[in-house]
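Read off the chains here:
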Amino acid sequence: MTGTEIQEIVEKQRTFFSSGATLNVDVRLKAIGRLKACMKKYESQIGEALKKDLGKSESESYMCEIGLTLSEISYMQRHTRGFAREKTVRTPLAQFCSHSFTKPSPYGVTLIMSPWNYPFLLTMEPLVDALAAGNTVVLKPSAYSPNTGALIAKLIQECFDERYVAVISGGREENQYLLREQFDYIFFTGSKSVGREVMRQAAAHLTPVTLELGGKSPCIVDRTANLKLAAKRIVFGKFLNCGQTCVAPDYIYCDPAIKDELIAEIRGQIRKQFGASPLKNQDYGKIINQKHFERIRALIDPAKVVVGGRVDADALRIEPTVLDAVTFDDAVMQEEIFGPVLPVLTYESLDAAVRKINSMEHPLALYLFTRSKGAARMVTAKCGFGGGCINDTIIHLATSEMGFGGFGESGMGSYHGKEGFDTFSHKKSIVDKKLWIDLPVRYQPYRKLYDRMIRMFLR
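Let us look at the structure shown here. (Residues numbered from 1 in each chain as written. Predicted model: local features only at pLDDT ≥ 70, side-chain atom pairs only at ≥ 80, totals over all residues. Heavy atoms only, no water.)

**Some remarks on a nonpolar patch on the surface**
A cluster of nonpolar side chains, Leu 93, Phe 96 and Trp 436, forms an exposed patch at the surface whose accessible area comes to about 370 Å². The residue Phe 96 is located in the loop between β1 (87-89) and β2 (98-106) in this model. (Patch = residues over 30% accessible without salt bridge, like charges linked within 9 Å, V, L, I, M, F, W, Y side chains within 5 Å. Areas by Shrake-Rupley, 256 points an atom, 1.4 Å probe, with all protein chains shown as cover. Salt bridge = Lys/Arg side-chain N within 4 Å of Asp/Glu carboxyl O. Helix = DSSP H or I, 4+ residues; strand = E, 2+ residues; numbered from the N terminus.)

**Let's talk about the sheet that holds strand β18 (residues 425-433)**
Remark on secondary structure: sheet strands pair via backbone hydrogen bonds, oriented parallel or antiparallel. Strands sit in the order β1-β2-β18 across an open sheet of three strands; the sheet is antiparallel. With one partner strand each, in any of the chains shown, β1 and β18 form the two edges of the open sheet. Sheet twist, expressed as the average angle between the axes of neighbouring strands with direction ignored, equals 30°. Of the strand pairs in this sheet, β1 and β2 are connected by three bridges, and their pairing is antiparallel. (Pairing = 2+ DSSP bridges. Axes fitted to C-alpha atoms, helices over the stretch in contact; angles between N-to-C directions.)

**What to know about the pairing of β2**
Here β2 lies mainly inside the structure; seven of its nine residues are buried. Strand direction decides the pairing type here: β2 and β18, joined by nine bridges, are antiparallel. The residue of β18 that forms the bridge with Pro 106 is Ser 425. (Buried < 20%, exposed > 50% of the residue type's maximum accessible area, 1.4 Å probe, protein only.)

**What about the packing of helix α9 (residues 227-239) against helix α10 (residues 259-274)?**
Two elements in contact, α9 and α10, have axes whose closest approach is 8 Å; the angle formed by their N-to-C orientations is 55°. Judged on the interaxial angle alone, α10 and α9 are oblique. Seen from above, α9 lies across α10 with right-handed handedness. Contacts between α9 and α10 pair Leu 227, Lys 228, Ala 231, Lys 232, Val 235, Phe 236 and Phe 239 from the former with Glu 261, Leu 262, Glu 265, Ile 266, Gln 269, Ile 270, Gln 273 and Phe 274 from the latter. Split into classes, the residues belonging to the contact of α9 with α10 amount to nine nonpolar, two polar and four charged. (Parallel < 35°, antiparallel > 145°, perpendicular 65-115°, else oblique. Left-handed = near helix turned anticlockwise from the far one by under 90°. Contact = heavy atoms within 4.5 Å. Nonpolar A, V, L, I, M, F, W, Y, C, P; charged D, E, K, R; others polar.)

**Examining the environment of Gly 405**
Relative to the helices and strands, Gly 405 resides in the loop between β16 (387-390) and β17 (411-412). For Gly 405, a relative accessible area of 12% translates into the label buried. Taking the C-alpha atoms as reference, Gly 405 lies 7.1 Å from Leu 364; in sequence the two are 41 residues apart.

**What about the sheet that holds strand β15 (residues 365-369)?**
Taken in spatial order, the seven strands make up an open sheet running β10-β13-β14-β9-β8-β15-β16, and their pairing is mixed. The strands lining the two open edges of the sheet, one partner per strand, are β10 (305-307) and β16. Between one strand and the next, the sheet's axes are offset by a mean angle of 25°, whatever the strand orientation. Pairing geometry for β15 and β16, over four bridges, is parallel. Counted as the bridge partner of Leu 366 is Gly 388 from β16.

**Here we look at the packing of aromatic side chains**
Using the criterion set out here, one finds 16 aromatic pairs in the structure. Taking the centre distance of 4.8 Å and the plane angle of 40° together, the rings of Tyr 107 and Tyr 185 count as tilted. In this pair, Tyr 107 is assigned in the loop between β2 and β3 (109-113) and Tyr 185 in strand β6 (residues 185-189), connecting sequence segments 78 residues apart. Residue classification places Tyr 107 among the partly exposed positions, given a relative accessible area of 27%. The interplanar angle of 85° and the centroid separation of 6.0 Å between the aromatic rings of Tyr 251 and Phe 328 together place this pair among those described as edge-to-face. (Phe/Tyr/Trp six-rings, centres within 6.5 Å; stacked < 30°, edge-to-face > 60°.)

What follows is the structure in structure tokens.
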């Protein structure tokens, strides 16, 4: 698509938004209702597209993409009317007699740029939030997941006029055309390098942004942990979507006293969950493309492999792999892995582990396996991270009741449920001053009596 065509779409959306058509809450609810009906209509095709792009099984596609999107829609159908209401706030005595209130208002024309690893969920879920808040939306799916992107375009075209929601297909050239346009809000999910470019270009128009990035999310396991359950839940979270999850445990940081037993439990769980030959398991996904396959394979040090390590280059598959005797100087610890490779490191003490984690870039997630409530309080209070779990992985993002997002190098802003509605809304603060009384104390000429009254009100 050319830059001129993209510019025309943005201008059409701005005209449509300026008409006030999206302000009515009933219009918003009908819009997300249409989206829900269309998703159900194309549910099997969505699963097929995800299978082609990422090798996802039907169960995984529903659990991690389709189902979570439907859940967000249902949540917004129940709560949007309440979220959109004006909220009365206390009026200070100095502003007597007035009515003070906040009024959520949509930003306007918004841009949502989504990644390839959860290409349906991470396009549709922010779309639901943006529509509930009353915006128009330009969607830009990743070019790395072309089958899902094409399905999204088909679904959106059936549900919406492009003046309301439009899909822009293509790659870097289209991304650059989009970022040159002036949007009222930009929501980006992806890598830190691209996130920096999005923020740089948004700054030219002073456009607010949400950045959902990533990072090396630690998984701390202390000596009190239930190792059998920890291994089960770590294996699920790490190797889901073949490790291509922004909140996957990037590495294990454990007490040396339990390391060998933990690795043995992880080995058993990999076999139990994926079989003796994971590369032949049709429900185990694949790496998105050759470039990422080669990058991940280069991070595997054969001398440190204690589980897995085999690959199928033709199918772009890498076994669930565990590395032992890893240090923070190893290549695998210099970048976010974003693949099915799990390094295991040990700490001298839990306090030392916290200090080390805090000396690194803030991760998007942190996981802690422990039976100690004191350890849980200490780690969650002292460590800087976006969100996480105690004695589990991944599941903190699977709810509309809590916001999801990072800070620092792992992103800025959050969404899901009320947080998502607020992300795509500007909250106006308004004072409605009554006409029947007008206190003279604020007007010149100032008098000592008035000065005493002002001091009485403002303290």
